[in-house]
Amino acid sequence: MDAQEALQRLDAHITDIGIDIAQLNDMMLLDEDIDARIASLDASRARLVAMRSSTALSSRSIQRYAFICAISRIPTEYADFGEELPDNDGDASPATAEEVARALVALDLHNRSATSFVNRVAAILTRGPELSMNIPLAPGEMLPAALHTLNQGALWACLLGGGANPDLEDRMRNQYQEERLDESETHDVRKALTPEAKCLWFLCKKFFFSLSIANKDGECYQWKDEEFEFCYLYRMYMGRLFVFDSEFADPSFTRARIPRALEVYSHQNSHIARTLKGLWGWGEIRVGQLGFKSERYEYIIPTCLTFPACPKVAKLEASLPPWEKHAIVTDMSMKGNCTFILTPVGTVMAGDIDWFTGRKGRAYVGPIEEENKHLFHPVAVPAGFVPDHIMHLQGPRPLHSGTVILSMGDRQMISGSNMYGQLGLGHKNEMSGFVNLPFRVDQIMTEACGFNVFLSGHQLLFAGEVPHHIAHLGLLPQFSKDDICLTPTPLRFPERVKGFFASNQYLIWVTEGQTHFQLGWGYSTSVIPFEAAAFLESILGVFFCDASGQWSWDDALYGSGKLDEMNLFKGHFRQFRIHTTDVDP
């Protein structure tokens with residue numbers, strides 16, 4: 001009941017009381033009981049008129065004043081939010097809830113609305129208000145069928161689907177507002193994430209509790225297209241997936257039309273959800289990384305993925321019960337324009353990272369027919385090799401397909417771009433399918449093209465074309481810039497390395513209490529006086545994050561100082577994790 005409706009009901013009660021008083025006066029009865037009743041009604045009308053003549057009140061305030069008029073104080077255990085209502089009459093002795101309830105029930109009221117209202121007040125005083133959390137149940141008693149008694153996942157989904165704004169701190173709204181230049185765009189994020197829509201989360205304790213738990217335990221993914229200036233975001237909690245796409249004319253969080261999801265794999269604006277009823281994909285498919293035929297930049301709605309070119313996988317999926325189709329996936333990776341799905345009967349791949357060269361994915365699956373290049377295909381591995389883990393590194397340029405390592409226990413196989421011998425196989429031959437890896441790899445440490453750095457035990461092994469920063473630092477004493485290293489060679493650091501990151505542009509390594517930063521074209525090394533866990537490449541510069549989450553910039557390049565998170569993320573950025581290592585000097 002809103003404030004306007006409450007005030008209208010008060011007006012009606014005032015009018016009814018006035019009519020009752022007039023009728024009693026016209027009867028000219030001298031009975032003392034009637035006189036007492038007239039006095040009581042006069043007092044009630046005076047209080048109601050005083051309430052009505054005051055400024056407009058919220059429904060919550062009207063409820064408070066109504067209770068104040070009824071009793072001097074309500075015990076705090078009956079208040080939904082735990083507040084204590086003040087005592088306006090200092091001389092009156094406090095009454096118990098039971099006494100007030102009995103007094104209200106004993107009133108001889110004739111107006112139907114007034115009787116209903118008093119009965120409801122008496123019920124609340126007797127049993128307490130209707131609670132939204134921690135409802136005590138007697139043996140055999142069931143929860144009432146109401147919105148606030150739903151489990152928190154369903155309640156969160158109802159509110160978000162009803163237009164509630166989950167961005168309470170306006171992070172996304174402010175960030176998007178700073179970057180939009182044309183405020184006349186119809187898909188302005190501010191039109192969907194309005195401040196008024198936040199109020200729904202505060203209607204009761206459980207509504208806000210459901211949002212807090214969803215933010216803590218749920219998943220959130222955000223991607224922004226820097227060229228076309230639109231953003232995509234999804235939130236998922238307890239299998240309910242809601243997506244937000246600023247490309248639509250009326251953007252809002254919309255429930256994805258898929259079965260309840262167990263997890264979602266994403267790369268930029270392409271997504272695959274593993275659900276109880278199979279795999280569902282949506283977003284940009286560019287060159288078929290979702291297993292569909294498409295033109296570049298085509299966008300599809302959530303669609304169930306199929307495997308017509310993978311008979312073993314299709315047969316396995318058909319044999320699974322309707323609500324156990326998720327068992328088809330043991331691991332998955334989406335990088336660049338390529339998707340790998342590991343299943344109990346083998347690994348399949350879709351997409352075409354090498355589409356600029358026209359190789360049509362031969363590095364992973366071997367030759368394929370032109371008309372079927374958009375489908376999922378089995379990767380080319382020896383018979384009986386069914387991997388259970390994948391390491392997939394996408395190079396920064398489309399020309400280079402990156403590196404993929406499949407593991408089956410202790411056995412590993414590798415494939416990918418080998419133009420500079422970066423796979424460490426001792427040659428630069430073009431790959432067609434996967435081959436046995438002659439050395440152990442625990443992690444791929446690079447985000448580069450032309451070379452790889454592998455973590456193997458307590459060593460960092462280099463393979464490929466030697467870049468400027470590695471040659472300048474003397475980490476490969478036997479090689480110079482642009483030399484080709486065909487066999488894995490350890491990098492030589494003067495002290496123990498606790499973290500490492502390498503790309504064509506940056507080289508970062510963490511030692512005891514310090515982080516060393518070398519630009520690919522620079523001749524001096526910057527030293528940051530803490531152990532960084534991540535770094536960020538922004539239009540404002542390069543920033544480093546310590547273990548506490550505080551971001552600082554490199555004082556050797558950009559001066560010194562610290563930024564709060566809101567200022568830091570206003571521009572376009574890419575964030576990278578510095579991989580944890582334990583490398584011997």
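What counts and what doesn't
Residues numbered from 1 in each chain as written. Predicted model: local features only at pLDDT ≥ 70, side-chain atom pairs only at ≥ 80, totals over all residues. Heavy atoms only, no water. Helix = DSSP H or I, 4+ residues; strand = E, 2+ residues; numbered from the N terminus. Buried < 20%, exposed > 50% of the residue type's maximum accessible area, 1.4 Å probe, protein only. Contact = heavy atoms within 4.5 Å. Areas by Shrake-Rupley, 256 points an atom, 1.4 Å probe, with all protein chains shown as cover. Pairing = 2+ DSSP bridges. Phe/Tyr/Trp six-rings, centres within 6.5 Å; stacked < 30°, edge-to-face > 60°. Lys NZ or Arg CZ within 6 Å of the ring centre and 35° of its normal. Polar contact = N/O pair within 3.5 Å; in protein donor to acceptor, adjacent residues only side chain to side chain.

- An unreviewed UniProt entry annotates the protein chain as ATPase AAA originating from Carpediemonas membranifera.

## Quick word on the overall build of the protein chain
Now for step 1: Regarding its fold elements, the protein chain presents 13 helices and 31 strands.
Now for step 2: Per-residue burial for the protein chain yields a buried fraction of 46% across its 585 residues.
Now for step 3: Nonlocal contacts in the protein chain, meaning residues at least 24 apart in sequence, comprise 50% of its contacts between residues at least 6 apart.
Now for step 4: Element-wise, carbon and sulfur atoms account for 53% of the exposed surface of the protein chain, whose accessible area totals about 29,200 Å².

## A few points about the sheet that holds strand β17 (residues 443–444)
Now for step 1: Pairing is antiparallel across the open sheet formed by 4 strands, whose spatial order is β17-β19-β20-β21. Unpaired on one side and paired on the other, β17 and β21 (484–490) mark the two borders of the sheet.
Now for step 2: One ladder, built from 6 bridges, connects strand β19 (residues 451–456) with strand β20 (residues 459–465); its direction is antiparallel. What sits directly across from Phe 451, in β20, is Gly 464.

## Let's talk about the packing of aromatic side chains
Now for step 1: For the structure shown, the criterion picks out 17 aromatic pairs.
Now for step 2: Measuring from ring centre to ring centre gives 5.5 Å for Trp 156 and Phe 242, while their planes differ by 90°; the resulting arrangement is edge-to-face. One end of the pair, Trp 156, is in helix α6 (residues 152–161); the other, Phe 242, is in strand β3 (residues 240–245), with 86 residues separating them in the sequence.
Now for step 3: Look at Tyr 506 and Phe 517: their rings are 5.6 Å apart centre to centre, the planes differ by 35°, and that puts the pair in the tilted class. Here Tyr 506 is found in strand β23 (residues 506–511), whereas its partner Phe 517 is found in strand β24 (residues 514–519), with 11 residues between them in sequence. Here the two residues Tyr 506 and Phe 517 agree in accessibility, since each one is buried.
Now for step 4: Aromatic rings pair up to connect Phe 501, Tyr 506, Phe 517, Phe 535 and Phe 544 into one cluster.
Now for step 5: Across the ring face of Trp 323, the terminal group of Lys 277 is positioned such that the distance to the ring centre comes to 5.0 Å.

## What to know about the sheet that holds strand β9 (residues 331–335)
Now for step 1: In space, the 4 strands of this open sheet follow the order β9-β10-β11-β12, with antiparallel pairing throughout. Across the chains shown, the open sheet's two edge strands, defined by having one partner strand only, are β9 and β12 (377–378).
Now for step 2: The sheet contact formed by strand β11 (residues 346–351) and β12 spans 2 bridges and is antiparallel. Looking at β12, one finds that Met 349 is bridged to His 377.

## A short note on α6
Now for step 1: α6 sits mainly inside the fold: 7 of its 10 residues count as buried.
Now for step 2: Listing the buried residues of α6 in full gives Gly 153, Ala 154, Leu 155, Trp 156, Ala 157, Leu 159 and Leu 160.
Now for step 3: Between the side-chain oxygen at the start of α6 and the backbone nitrogen of Gly 153 there is a gap of 3.1 Å, and the oxygen is on Asn 151.

## Overview of the environment of His 516
Now for step 1: By the element assignment, His 516 lies in strand β24.
Now for step 2: Sequence-distant contacts of His 516, defined by excluding residues within four places in its chain, comprise Glu 495, Leu 507, Ile 508, Trp 509, Thr 511, Thr 525, Ser 526 and Val 527.
Now for step 3: Of note is the side chain of His 516, whose polar atom sits 3.0 Å from the side chain of Thr 511.

## A few points about the pairing of β24
Now for step 1: Taking burial as the measure, the 6 residues of β24 include 5 buried ones, the bulk of the element.
Now for step 2: Remark: 2 residues form the turn of the hairpin made by β23 and β24, two consecutive strands paired antiparallel; Gly 513 in that turn has positive phi of roughly 75°.
Now for step 3: The pairing of β24 with strand β25 (residues 526–528) spans 3 bridges and is classified as antiparallel. Each bridged residue has a counterpart across the sheet, and for Phe 517 the counterpart in β25 is Ser 526.

## Structural notes on the pairing of β19
Now for step 1: Extensive coverage of β19 is indicated by the burial of 6 of its 6 residues.
Now for step 2: The alternating pattern of β19 places Phe 451, Val 453 and Leu 455 and Asn 452, Phe 454 and Ser 456 on opposite faces, both of which are buried.
Now for step 3: Relative to β19, β17 runs antiparallel, the two sharing 2 bridges. Each residue of the ladder has a partner; that of Gln 443, found in β19, is Leu 455.
Now for step 4: In sequence, β19 turns back onto β20 through a hairpin of 2 residues, with Gly 457 there showing a positive phi of about 65°.

## With respect to the environment of Leu 316
Now for step 1: Along the chain, Leu 316 falls in helix α9 (residues 311–319).
Now for step 2: Those residues in contact with Leu 316 that sit more than four places away from it in its chain are Ile 328, Pro 344 and Val 345.

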